[in-house]
Amino acid sequence: MACSSSYSSSLPPAFPSTSTSDLHGMFPATTLSSISVSERCWKTKHFQLRCSSNFLKLNAVSLHKGLVGSSLDEEHVETQPKWKHLDFSNMEKAGSMLSIIVVGASGDLAKKKIFPALFALFCEGHLPESFMIFGYGRRMMSDVELRNMITGTLTCHIQKRENSCKKLDDFLKRCFYHSGQYTSEEHFSELDNKLKQQEGQRLSNRLFYLSVPPSLFLDVVRCASSRSSSKNGWTRVIVEKPYGHDSNSSRNLTRVLKQYLTEDQIFRIDHHLCEELIENLLVLRFSNIFFHPLWSRNYIQNVQLIFFEDFGTEGRGRYFDSYGIIRDVMQNHLLQILALFAMETPVSLNAEDIRNEKVKVLRSMKPLRLEDVVLGQYKGLTDGNKVYPSYTDEQDVPRNSLTPTFAAGTFFINNARWDGVPFLMVAGKALNSARAEIRVSFKRVPGNLYNQKPDAFFDKAPNELVLRVQPDEAIYLKINNKVPGLGMRLDSSDIALLHKSRYSRETPDTYERLLLNAIKGKQHLFIRSDELEASWALFSPLLKEMEVKKVSPEFYSYGSSGPVGVHYLAAKHNVHYAEDICEDY
């Protein structure tokens, strides 16, 4: 027996912008079999609901032509609904509860990054009124013990000028803990019962953060999906890298994850994509008209993507030796930045449009070859009374390890915009500085008049655009100008934007941004499965060749600029390698 109801009042403000998947969140999937919104209802601001009393799961949404100028006859919803893009205003009106489950809550990442980021979001008012946080782990712990454990790390930079004691108490009251095994469906059922007790009759939206080793991903997802996922709201899962060890293992991981989750439920994070300057890269490119004609092979000579750390493995020897600098930094962080830098203008700022363009870039690149790569490994150094260990002397690192702690490689993008432009990617540990930056070297001015003047003292330095991600975010442009005086002497100067000088507000931590985006269902800073496939395809042949041939890395001293070979690689492609340039801003 069918029933129907209609509301003659105006639609709530949220409805005109609500997507079909948002409607799933507004109406329980177990009670609706179909929803029809007719053209007449939209035009008269009436909303009609026709439902079946058979209590089957929602299986189709039909939007008749006239809503937005196009028609969508039917959208099939999978067994696990695709809950997304439901903003907090809708959630609150629906009487919802946001539950954040930190799996691996007693680990360093959870204590040092995840809980502090959630507290900062709470202080800033970015979390909904109704939310709770559950820690889950194998360690036996009470709610009070969890709160005591994380209290020392909850320093909210946003609240420096306020007394945050009350906010801290309010936040801790929303933090709970459940002890269980990561492979036990029974223990995840117990977690589900605790979540339901807190949620009551409200709409349940659940975000799982997997702060556990990759070997446990599949077990946790299987148990959480079958026993503690939301039955009437959305369920999302944040997965930390590494996503596999090569193309085959990554493909298998994705295949198994998709047995339990849909693609838009999986949030594969790369926290470096949440850096302020990386987000600013899109603004710089697409909102400044003078960059549009310059951003191509016609004006750009080369691009360097640099990621330096001035320390060694620092207790992560076992993990690092299993992956190395290529898998740890280059295959994900730097390659994602390269794709954002080189992509074409997306149709919109929608996550799928941005990620579509990134995938096009990755698929236009050739796999990295061994002859276009330099590998290095740091050796020990004694500086006065200070002793810096070699990589193979680090804890949990085999004495005969060939794992590179430094790597440099040159990529080329085979498309009309970037044909012939070398992209030099460099990453290393135990170097002379800690910095992450993009350096864009422009071509020299053809027929430059000042090259002909012997008294000009022209430095022949090309124009360069630098986006410094760390430390102290900055954007600066190197230009040639005349030195004041009666003669004609030229100098290279910088036009700089230093964030800490221009903006007084402290930059949010990257984990704050990624957590907030996951809560809101915004995926533009997260990696899609086809991106992952394309990125591994660029590195897997090289990694396999390195292992088969047992390639020995070139040694470099702890605290140096890296192996000498990187200079030869750069010179091979006519790149002036920026080994120790660190402007003092």
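Above: the structure in question.
Every value quoted in this text rests on a predicted model; they were computed, and no experiment measured them.

Trainee: Give a description of the sheet that holds strand E18 (residues 435-442) that names residues and reports values.
Mentor: Strand order in this open sheet of nine strands is E21-E20-E19-E18-E12-E17-E16-E13-E23, and the pairing throughout is mixed. In this open sheet, the two edge strands, each paired with only one partner strand, are strand E21 (490-498) and strand E23 (554-557). Neighbouring strand axes in the sheet, compared pairwise and without regard to direction, differ in orientation by 20° on average. Sheet contacts for helix H10 (residues 276-286): E18, strand E19 (464-470) and strand E20 (474-482); angle to E19, the most-contacted strand, approximately 150°.

Trainee: Residues and numbers for empty space enclosed by the protein, please.
Mentor: Scanning the entire structure with this criterion turns up four cavities of 30 Å³ or more. When its volume is computed, the largest cavity comes out at roughly 90 Å³. What lines the largest cavity is a set of 13 residues, among which Ile306, Leu334, Ile337, Ala436 and Val469 lie closest to the centre. Counted by class, the lining of the largest cavity contains nine nonpolar, two polar and two charged residues. Around the second largest cavity, the lining residues are Pro242, Tyr243, Gly244, Tyr323, Arg327, Gln331, Asn332, Leu532 and Trp536.

Trainee: Break down the sheet that holds strand E10 (residues 235-239) for me, with residues and values.
Mentor: If you walk across this open sheet you meet the seven strands as E8-E7-E6-E9-E10-E11-E22, and the pairing is mixed. Each end of this open sheet is capped by a strand with a single partner; those strands are strand E8 (175-179) and strand E22 (526-527). Of the pairings in the sheet, the one linking E10 to strand E11 (residues 266-269) comprises three bridges and is parallel in character. Bridging from a neighbouring strand, Ile238 pairs with Phe267 of E11.

Trainee: I'd love a proper account of the layout of surface pockets, names of residues and values included.
Mentor: By volume, the second largest pocket is sized at about 530 Å³. Secondary-structure elements contributing two or more residues to the lining of the second largest pocket are helix H4 (108-124), H10, helix H13 (499-502) and helix H14 (510-520). The element that contributes the greatest number of residues to the lining of the second largest pocket is H14, accounting for five residues. Taken together, the residues that form the lining of the second largest pocket break down as six nonpolar, five polar and 12 charged.

Trainee: Let's hear about the side chain of Arg285: which residues, and what values?
Mentor: Turning to its location among the elements, Arg285 is positioned in helix H10. Here Phe341 takes part through its backbone oxygen, which lies 2.7 Å from a polar atom of the side chain of Arg285. Excluding its chain neighbours within four sequence positions, the residues that come into contact with Arg285 are Phe291, His292, Trp295, Leu340, Phe341, Ala342, Met343 and Arg417.

Trainee: Tell me what's going on with the environment of Asp372, and back it up with residues and numbers.
Mentor: The residue Asp372 is located in the loop between helix H12 (351-363) and strand E13 (373-379) in this model. You can call Asp372 buried: its relative accessible area is 4%. Once the C-alpha coordinates of Asp372 and Phe411 are considered, the two residues, 39 residues apart in sequence, prove to be 8.3 Å apart. With residues near it in sequence (within four places) discarded, Asp372 still touches Ala408, Gly409, Thr410, Leu569, Lys572 and His573.

Trainee: Can you explain the packing of helix H7 (residues 185-199) against helix H8 (residues 217-227)? Please cite residues and give values.
Mentor: H8 packs onto H7 with a crossing angle of 50° between their chain directions and a minimal axis gap of 9 Å. Considered as vectors, H7 and H8 are oriented oblique to each other. You can see that H7 and H8 cross each other, and the crossing is right-handed. Seen from H7, the contacting residues are Glu185, Phe188, Ser189 and Asp192; seen from H8, they are Val220, Arg222, Cys223, Ala224, Ser226 and Arg227. Split by residue class, the contact of H7 with H8 holds four nonpolar, two polar and four charged.

Trainee: Talk me through the pattern of salt bridges; I want residue IDs and the actual numbers.
Mentor: Any two side chains of opposite charge can pair, on the condition that their charged atoms come close. For the structure on display, the rule yields 32 salt bridges. Here Lys166 ties to Asp170 by a salt bridge, and the two come within 3.0 Å at their closest N and O atoms. In this pair, Lys166 and Asp170 are both assigned in helix H6 (residues 165-172), four residues apart and thus about one turn of the helix distant. Exposure remark for Lys166: the relative accessible area of 58% places this residue in the exposed category. For Asp170, a relative accessible area of 24% translates into the label partly exposed.

Trainee: Account for unusual backbone geometry, with residues named and values stated.
Mentor: The omega torsion across Lys241 and Pro242 is 5°, close enough to zero to call that bond cis. Note on placement: Pro242 falls in the loop between E10 and helix H9 (247-257). A cis amide bond links Gln470 with the next residue in sequence, Pro471, at an omega value of -15°. With respect to the secondary-structure elements, Pro471 resides in the loop between E19 and E20.

Trainee: Would you mind going over the packing of H4 against H6 in detail, with residue names and values included?
Mentor: In contact at an axis separation of 10 Å, H4 and H6 are set at 120° when each is read in the N-to-C sense. What the angle tells us is that H4 and H6 run oblique. For the crossing formed where H4 meets H6, the hand is right-handed. Contact with H4, carried on its side by Phe115, Leu118, Phe119, Phe122 and Cys123, involves Lys167, Leu168, Asp170 and Phe171 of H6 and no other residues of that element. Its residues placed into classes, the contact of H4 with H6 shows seven nonpolar, no polar and two charged.

Cut-off values and rules
Residues numbered from 1 in each chain as written. Predicted model: local features only at pLDDT ≥ 70, side-chain atom pairs only at ≥ 80, totals over all residues. Heavy atoms only, no water. Pairing = 2+ DSSP bridges. Helix = DSSP H or I, 4+ residues; strand = E, 2+ residues; numbered from the N terminus. Axes fitted to C-alpha atoms, helices over the stretch in contact; angles between N-to-C directions. Contact = heavy atoms within 4.5 Å. 1 Å grid on protein atoms, 1.4 Å probe; cavity = no way out; pocket = protein on both sides within 12 Å on 5 of 7 lines; lining within 4 Å. Points joined across faces, edges and corners; volume = space filled by probe spheres on them. Nonpolar A, V, L, I, M, F, W, Y, C, P; charged D, E, K, R; others polar. Polar contact = N/O pair within 3.5 Å; in protein donor to acceptor, adjacent residues only side chain to side chain. Buried < 20%, exposed > 50% of the residue type's maximum accessible area, 1.4 Å probe, protein only. Parallel < 35°, antiparallel > 145°, perpendicular 65-115°, else oblique. Left-handed = near helix turned anticlockwise from the far one by under 90°. Salt bridge = Lys/Arg side-chain N within 4 Å of Asp/Glu carboxyl O.

Limitation: the analysis is restricted to geometry and does not speak to function.
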